[in-house]
Protein chains: 2
Amino acid sequence: MLPPARPGMALADIDTPSLIVDLDAFERNLDRMARYIAGSKASLRAHSKTHKSPIIARQQIERGAVGVCCQKVSEAEIMVQGGIKSVLVSNEVVGQRKLERLAALARVADVAFCIDTAKNVREANDVAKRFGVQLNALVEIDVGAGRCGAAPGAPAARLASLIAEAPALRFKGLQAYYGAAQHIRAPDERKAAIERAVHLTEQTIEMLHQKALACEIVGGAGTGTFDIEGESGVYNELQAGSYVFMDADYARNESAEGSLFAEFEHALFVCTTVMSRPTDQRAIVDAGLKALAVDSGMPIVHQLPTAEYTKASDEHGVLALEGANTPPVYGEKILLIPGHCDPTVNLYDTYVCVRGLGTANPFVEALWPVAARGAVY
Amino acid sequence: MLPPARPGMALADIDTPSLIVDLDAFERNLDRMARYIAGSKASLRAHSKTHKSPIIARQQIERGAVGVCCQKVSEAEIMVQGGIKSVLVSNEVVGQRKLERLAALARVADVAFCIDTAKNVREANDVAKRFGVQLNALVEIDVGAGRCGAAPGAPAARLASLIAEAPALRFKGLQAYYGAAQHIRAPDERKAAIERAVHLTEQTIEMLHQKALACEIVGGAGTGTFDIEGESGVYNELQAGSYVFMDADYARNESAEGSLFAEFEHALFVCTTVMSRPTDQRAIVDAGLKALAVDSGMPIVHQLPTAEYTKASDEHGVLALEGANTPPVYGEKILLIPGHCDPTVNLYDTYVCVRGLGTANPFVEALWPVAARGAVY
């Protein structure tokens, strides 16, 4: 397939729908996080599940990140192929095929993964032994997410002991991520949720100390709460990812006075064409469910507050224009802020990176592959 | 990236999450539609936006389809590259770049597209003239969808005249698709909705006859209603697509006694692994928003009615197991029926085609590329 743009092209000439990075806003987001991390006791291990791009991961590492997180072994493979030396699969790795690929990666990079059940300790130890490597393993604990994870406290400590005793595994610490807390709207409730997570994590660390097990990594946190975990004195690796792009769902979070969260800018857009204007109240755009993830709500129409994206079908989006003073005209290209950046990025092969968005002459500075697009294994 | 399977592999060895075609059910679905079409006055122009695969399109044509529909020029390019000779872009084609690509295709295949505004007539005529081709154009009319389309009757007839007068365009007929009607649950309401669409289409055809404009193609219909349009005597090309796979949303349609619709089988699955069993009531699977479209509801757990897929995050799915007699165990692979097949297919590079699903020894018979995955331009 032809790419939707080429370097040097004007924004107006990009084919649609396409995935646009506002490079200026993106770089400011990277710099904001770098400044925060420089002044924090915690490190940044940026989550690459958001961007799926070693090019972006390298920019995060150049600005101080200690490495990246991935959710899948296939993502980790692509990050290592793209020059990333330290990768944590912040997720369970289940089944022989996946563990074998992880063991293969451990020969060429610093990799770690998460475990939440004794059976996985035995499986992983067997594979690592066969590959002649030692695999770094964190115990994932459920600190509120209600997803994977061993129970904090004694159950997690027992699992850590099993890992420490497994000859081909190395106990590396705790994974204590509370995803749903990132999207709690009120800042005080968000803070209270993370404080409970911090407390459970701290209790587990104490139990591990009683067993003489040290946590080199205590990882978790996302864009909605990283400063709370960062100031906890308990977490030492923050796993924020979405801060590079932000999305419409994060825009619905209220933020505490003066918080860094409020400074992050939307840097990811879907460029779409108005392909039909059947009535005064309705515009149809060429970006629907195959161009935008709608699981966290519809996209926001950028800089056109009187137009509302109300409905997505497979290849179409419906904009309601009631009250719009400057309705988009037939053939016009407009930008949408995706409701949820991670699964939107996963729909595209290419980032069209634009310099000077908002100026008189925005242009395509680069095309970056979404290298781990579709890396779900 | 490594593919998730290889031909000959047992179902149990396929990596997850992966997109599975039950070849036996799929072929039965193709045969059912072929039998219907053989006895119908209408033809099948199968919609390839569902499967995005020339391999599947060729099987539809071998069984009597007159060609395929696409929604995007990039899909049409891939269909033509894959040997399909007759392609209707059942959608507007807006902007010079897209029209140029369509004109290029018209040199090597029988292509047509839809128009709903006079401005597009001029644009398309100019491009076709420059390319030295004559482009086949249908007028799209809005018969209830509330999306694109000119108003039926006089406005559509005026547009058809403009096309007929444009030297590098050829007026080919009407596109009259009512997507939302496919998913009306009650069969009598579904029928009433399509009868209104048929009536509006018929009125428009009469106005065209008064202008001596003949409709070679009167196209529309989808899997939920194709037999209604098929028996209308007005539509002559049915554009069903989802019947090859079916999905959980279509399973929620009630069907009329003895209807063919009720015979179509689920033939598309996402194979997923139980990666965590943190509690008796909860299983976590490795297929989330990047492996499944949830816009039309959550997937159904195949052959495990006491397990309910309740929540999708980016890379995880939560199964509620209350009341489950045979809960899936850690490491077990299970099949999910996607809520919506089209955008689910668009997440994958490869169909893993399984023969003998439901028998003692299901195995991978073939891998088919999802050739037009990501073809959104």
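All figures in this text were calculated on a predicted structure; none of them were measured in a lab. (Residues numbered from 1 in each chain as written. Chains lettered and ligands numbered in written order. Predicted model: local features only at pLDDT ≥ 70, side-chain atom pairs only at ≥ 80, totals over all residues.)

Trainee: Help me out: how do you make sense of the nonpolar core in this one?
Mentor: One recurring pattern in soluble globular proteins: nonpolar side chains tend to sit buried together. If you look at the biggest cluster of nonpolar residues, it comprises 270 residues, and the most contacted ones within it are Leu 102 and Leu 336 of chain A together with Leu 102 and Leu 336 of chain B. Sequence-distant contacts of Leu 336 of chain B, that is, excluding residues within four places in its chain, are made with Phe 269, Val 270, Thr 272, Ala 287, Leu 292, Pro 299, Ile 300, Val 301, His 302 and Tyr 309 of chain B. (Core = buried A, V, L, I, M, F, W, Y, C linked by C-beta atoms within 7 Å. Buried ≥ 20, exposed ≤ 12 C-beta atoms within 10 Å, placed from the backbone. Contact = placed C-beta atoms within 7 Å.)

Trainee: I tried to follow the domain arrangement of chain A on my own but got confused; where do I start?
Mentor: All names here are of chain A. Split into domains, chain A comes out as domain 1 (11–18 + 264–369) and domain 2 (25–245). Taking only C-alpha atoms, the centre of domain 1 and the centre of domain 2 are 33 Å apart. Facing 11 residues of domain 1, the contacting portion of domain 2 comprises 15 residues. With three residues, the top contributor of residues to the side of domain 1 that touches domain 2 is helix α10 (residues 341–345). For the side of domain 1 that touches domain 2, a count of residues per class yields seven nonpolar, two polar and two charged. (Domains from an automatic or database assignment. Helix = DSSP H or I, 4+ residues; strand = E, 2+ residues; numbered from the N terminus. Nonpolar A, V, L, I, M, F, W, Y, C, P; charged D, E, K, R; others polar.)

Trainee: Mind showing me how you'd approach the packing of helix α4 (residues 96–106) of chain A against helix α5 (residues 118–131) of chain A here?
Mentor: Any two packed helices are characterised by how steeply their axes cross, that is the angle between the axes, and by the distance between the axes. Residue and element names in this part refer to chain A. It is the contact of α4 with α5, at a shortest axis distance of 9 Å, that shows an interaxial angle of 45°. The pairing of α4 with α5 is recorded here as oblique in orientation. In the packing of α4 onto α5, the handedness of the crossing is right-handed. Between α4 and α5, the residues in contact are Gln 96, Leu 99, Glu 100, Ala 103 and Ala 104 and Glu 123, Ala 124, Val 127, Ala 128 and Phe 131, respectively. Of the residues contributing to the contact of α4 with α5, the split by class is seven nonpolar, one polar and two charged. (Axes fitted to C-alpha atoms, helices over the stretch in contact; angles between N-to-C directions. Parallel < 35°, antiparallel > 145°, perpendicular 65-115°, else oblique. Left-handed = near helix turned anticlockwise from the far one by under 90°.)

Trainee: Sorry if this is basic, but what is going on with the relation of the copies chain B and chain A here?
Mentor: These two copies of the chain differ by a rotation about an axis and a displacement along the same axis. Relative to chain A, chain B is turned by 180° and slid 0.0 Å along the rotation axis, the superposed coordinates differing by an RMSD of 0.0 Å. Such a turn and shift between the copies fits a two-fold axis. When the interface residues of chain B are mapped onto chain A, 100% of them again fall at the interface, so both copies present the same face. (Least-squares fit on C-alpha atoms with pLDDT ≥ 70 in both.)

Trainee: Sorry if this is basic, but what is going on with the environment of Tyr 377 of chain B here?
Mentor: Here Tyr 377 of chain B shows up in the segment after β17 (363–369). With 22 C-beta atoms packed within 10 Å, Tyr 377 of chain B lands in the buried category. Once the C-alpha coordinates of Tyr 377 of chain B and Ile 217 of chain B are considered, the two residues, 160 residues apart in sequence, prove to be 25 Å apart. Filtering out sequence-adjacent residues up to four positions away, Tyr 377 of chain B remains in contact with Pro 4 and Asp 15 of chain A together with Lys 72, Val 73 and Ser 74 of chain B.

Trainee: Mind showing me how you'd approach α5 of chain A here?
Mentor: Note that an α-helix has 3.6 residues per turn; residues three or four places apart therefore point the same way. Residue and element names in this part refer to chain A. The terminal C-alpha atoms of α5 lie 20 Å apart, and with 14 residues this matches the ideal 20 Å at 1.5 Å per residue to within 8%. Taken residue by residue, α5 has Asn 120, Val 121, Ala 124, Asn 125, Val 127 and Ala 128 as its buried positions. Residues of α5 that are buried make contact with β4 (86–92), α4, β5 (110–115), β6 (135–140), α6 (154–165) and β7 (169–175). Gly 132 sits one or two positions beyond α5 and adopts a positive phi of about 65°. (Expected span 1.5 Å × (residues − 1).)

Trainee: I'm lost on the sheet that holds strand β9 (residues 237–238) of chain B in this one. Help?
Mentor: The strands making up a sheet are joined through hydrogen bonds of the backbone, oriented either antiparallel or parallel. Spatially, the eight strands close up into a barrel ordered β2-β3-β4-β5-β6-β7-β8-β9 (chain B), and their pairing is parallel. Sheet strands touched by helix α5 (residues 118–131) of chain B: β4 (86–92), β5 (110–115), β6 (135–140) and β7 (169–175) of chain B. Its angle to β7 of chain B, the strand with the most contacts, is close to 135°. (Pairing = 2+ DSSP bridges.)

Trainee: Can you help me understand the pairing of strand β16 (residues 350–355) of chain B in this one?
Mentor: Side-chain positions along a regular strand alternate between the two faces of the sheet. All names here are of chain B. The pairing of strand β1 (residues 18–22) with β16 spans four bridges and is classified as parallel. Along β16, the bridge assignment pairs Ile 20 with Val 352. Here β16 pairs with β17 via six bridges, running antiparallel. Counted as the bridge partner of Val 354 is Val 364 from β17.

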